[in-house]
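Letter by letter, the chains look like this.
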Amino acid sequence: MEHIVIIGNGIAGVTAARHIRKNSDKRITIVSGETDYFFSRTALMYVYMGHMKFEHTQPYENWFWEKNRIELKKAWVEKVAGKEKQLHFSNGETMDFDKLIIATGSVPNKFGWPGQDLDGVQGLYHKQDLDNLEKNAPNKEVCKRAVIVGGGLIGIEMAEMLHSRHIPVTFLVREDSFWNGVLPAGESELVNEEILANGIDLRLSTNLEEIIDDGNGRCKAVKIKETGEIIECDVVGLTAGVTPNINFLKDSDIELGKGVKVNRLLETSIKDIYAIGDCAEQREAIGRRRPIEAVWYTGRMMGEALAQTICSNPMEYNPGHWFNSAKFMDVEYQTYGWVSGRNKPDFEEHFHWRHETELICVTIAYHKDTDLFLGINTFGIRMRHEIFDRWLTEGRKVDEVMTYLKDANFDPEFYKLHENAIITHYNKQRGKNIQLVKKSWKRIFA
Ligand SMILES: Cc1cc2nc3c(=O)[nH]c(=O)nc-3n(C[C@H](O)[C@H](O)[C@H](O)COP(=O)(O)OP(=O)(O)OC[C@H]3O[C@@H](n4cnc5c(N)ncnc54)[C@H](O)[C@@H]3O)c2cc1C
């Protein structure tokens, strides 16, 4: 029986395993050094914040694997001998495979800062990081201050986590406004405000110079590059992005870039070896997407597509229109299509509306010559994914999007609606006279 071995029990590897099982009788083994069972990485923060227990982050009961004949092995792979079709584990054991799926995810970036390996310095990625945070920062008496380095989605999550236990947080952000490489200026500013309103000591345009040792191998402070200021702290969170977890593949003959290079069928340069999820790098970027995308749903999509290919139904990975969602402290964010940040291309024009008093805003991107709708970001307003997916596929113009904006709203009924204010601002700004059309369930479910 053909033996499919998957390295990595995250969303990508587990989705591939489940769908291979649905479609075949092949022998399947999932290997991971991190945990016995699959868990939802995106929910780690809620465990620390006391909203759930770690067991609640496991989508499948422990009996699921045996029932579905998916063998689990807890071990670290040290080397892949691609031509011999064999894995070497750190404990000296080996395992043969007929087909191999590499789904090893990411690791937090470290940029060679002095002191980055001291005790008390950590990322937020693996289960072990959650355990370390519990140890390093159980409360504000043990951790009198934490410094977080790197202003992205994981950095703000870590700030929120520590803040939930009343631990003072200093947040070092290299850019002059939070995540402004991704978010347009108005939105980035709104997030700055939300961070400050939560009492986080946000330092913009600020770089870490070094982490200072207490003499016993533990961090005691950080030094700021621009000013030389010393900030005392008990924990340093390194959240300056992630990078594909592929170090162990260096001697494997598999072609590597920043990640494992794959084509649209998710095949690597070696026959019968595939890569999916955060660790995979598309040889050619798909549309305006990045060649490496460290997001949950694309890992799942890759797992689904690859399972088809492995079960003799070749299927290219086709992620469709970009979308994503996140939460910045208490403000929900959604994005559909493309709305650029600081490096906006020339052809992209933005319409931006912000609520007068609350942290609610919308940015709509459109083509400056053709008025083609390119994408939308919302803060504090929930939108319907299927509607924007459809409108992007249909190539709607921005005026049409504005006209039918009520169809796209997904806020619960008792929520205050903002379409009237948005359209008034749009008409004023663009010299138009667009009339909002009443929401229609018939259109929504068409
Ligand atoms: C705190 C946090 C919050 C996030 N929030 C969001 C969010 O809100 N939305 C979103 O879209 N994305 C979010 N992400 C990103 C998302 O979680 C990842 O994109 C996704 O989990 C990647 O899945 P994966 O299957 O590719 O890899 P992973 O989930 O990283 O799984 C890979 C597994 O392989 C194991 N492994 C690696 N190397 C080896 C080896 N050599 N031997 C054995 N095992 C190995 C790893 O230990 C790991 O268990 C978040 C990430 C983090 C860390």
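In this text, all values refer to a predicted model and were calculated from it rather than measured experimentally.

**Here's the deal with the sheet that holds strand β12 (residues 201-203)**
Ordered in space as β9-β16-β10-β11-β12, the five strands form an open sheet in which the pairing is parallel. Each edge of the open sheet is held by one strand with a lone partner, namely β9 (121-122) and β12. Two strands pair when backbone bridges link them, and β9 and strand β16 (residues 235-238) are joined in this way by two bridges, in the parallel orientation. The residue bridging glutamine 122 from the neighbouring strand is glycine 237, located in β16.

**Let's talk about the site of the ligand**
Close to the ligand lie 31 residues; Glu34, Arg41, Val77, Tyr125 and Asp278 are nearest. Interatomic distance of 3.4 Å between a backbone N/O atom of alanine 294 and an oxygen atom of the ligand. With respect to the ligand, the backbone of tryptophan 296 contributes an N or O atom lying 2.9 Å from an oxygen atom. Its free accessible area being 1000 Å², the ligand has 93% of it covered by the protein chains. Listing elements by their share of the shell around the ligand, those giving two or more residues are α1 (11-23) and α5 (153-164). Residue classes in the shell around the ligand are distributed as 14 nonpolar, 13 polar and four charged.

**Looking at the sheet that holds strand β2 (residues 27-32)**
Read from one edge of the open sheet, five strands run β3-β2-β1-β7-β19, paired in parallel fashion. The sheet is open, and its two edges are formed by β3 (70-74) and β19 (273-275), each paired on a single side. Across the sheet, the axes of successive neighbouring strands diverge by a mean angle of 20°, strand direction being ignored. Bridging between strand β7 (residues 99-102) and β19 involves three bridges; their strand directions are parallel. Each bridged residue has a counterpart across the sheet, and for isoleucine 101 the counterpart in β19 is tyrosine 274.

**Digging into the nonpolar core**
The biggest cluster of nonpolar side chains holds 50 residues, and the ones touching the most others in it are Val80, Leu87, Leu100, Ile101, Ile102 and Ile276. Broken down by element, this core gets its largest block of residues, six residues, from α1. Beyond its immediate sequence surroundings of up to four residues, leucine 87 is in contact with Val5, Ile7, Val77, Lys79, Val80, Glu93, Thr94, Met95, Phe97 and Leu100. One finds Val47, Met161, Ile195 and Phe328 within the second-largest nonpolar core, a separate group that totals 38 residues.

**Points about the side chain of glutamate 293**
Here glutamate 293 shows up in the loop between β20 (280-282) and α7 (296-310). In this structure, glutamate 293 is in contact with Asp278, Thr298, Tyr317 and Trp322, ignoring residues within four places of it in sequence.

**Focus on the pairing of strand β11 (residues 169-172)**
Across the two faces of β11 the burial is the same, with Val169 and Phe171 and Thr170 and Leu172 all buried. With four bridges joining them, strand β10 (residues 146-149) and β11 adopt parallel strand pairing. Paired with valine 147 across the strands is threonine 170, a residue of β11. Following the backbone out of β10, through α5 and into the adjacent parallel β11, one traces a crossover that is right-handed. By the bridge criterion, three bridges tie β11 to β12 in an arrangement that is parallel.

**A word on the packing of aromatic side chains**
Per the stated rule, a full pass over the model turns up 22 aromatic pairs. Taking 5.7 Å as the distance between ring centres and 5° as the angle between the ring planes, the aromatic pair formed by tryptophan 322 and tryptophan 338 counts as stacked. A residue pair is termed long-range when its members are at least 10 positions apart, and tryptophan 322 in the loop between α7 and β21 (323-328) and tryptophan 338 in the loop between β22 (331-337) and β23 (348-354) qualify at 16 residues. What makes tryptophan 322 buried here is its relative accessible area of 15%.

**Points about the pattern of salt bridges**
Applying the stated rule across the entire model yields 29 salt bridges. Between arginine 283 and glutamate 255 there is a salt bridge, with its nearest N and O atoms 3.1 Å apart. Separated by 28 residues along the polypeptide, arginine 283 in the loop between β20 and α7 and glutamate 255 in the loop between β17 (242-244) and β18 (260-262) bring together distant segments of the chain. Of the residues examined, arginine 283 reaches a relative accessible area of 37% and is grouped as partly exposed. Among the charged side chains, a network of salt bridges with common partners joins Asp371, Asp399, Arg430 and Lys432.

Rules behind the numbers
- Residues numbered from 1 in each chain as written.
- Predicted model: local features only at pLDDT ≥ 70, side-chain atom pairs only at ≥ 80, totals over all residues.
- Heavy atoms only, no water.
- Pairing = 2+ DSSP bridges.
- Helix = DSSP H or I, 4+ residues; strand = E, 2+ residues; numbered from the N terminus.
- Near = heavy atom within 4 Å.
- Polar contact = N/O pair within 3.5 Å; in protein donor to acceptor, adjacent residues only side chain to side chain.
- Areas by Shrake-Rupley, 256 points an atom, 1.4 Å probe, with all protein chains shown as cover.
- Nonpolar A, V, L, I, M, F, W, Y, C, P; charged D, E, K, R; others polar.
- Axes fitted to C-alpha atoms, helices over the stretch in contact; angles between N-to-C directions.
- Core = buried A, V, L, I, M, F, W, Y, C linked by side-chain atoms within 4.5 Å.
- Buried < 20%, exposed > 50% of the residue type's maximum accessible area, 1.4 Å probe, protein only.
- Contact = heavy atoms within 4.5 Å.
- Right-handed = clockwise from strand over helix to strand, strands pointing away.
- Phe/Tyr/Trp six-rings, centres within 6.5 Å; stacked < 30°, edge-to-face > 60°.
- Salt bridge = Lys/Arg side-chain N within 4 Å of Asp/Glu carboxyl O.

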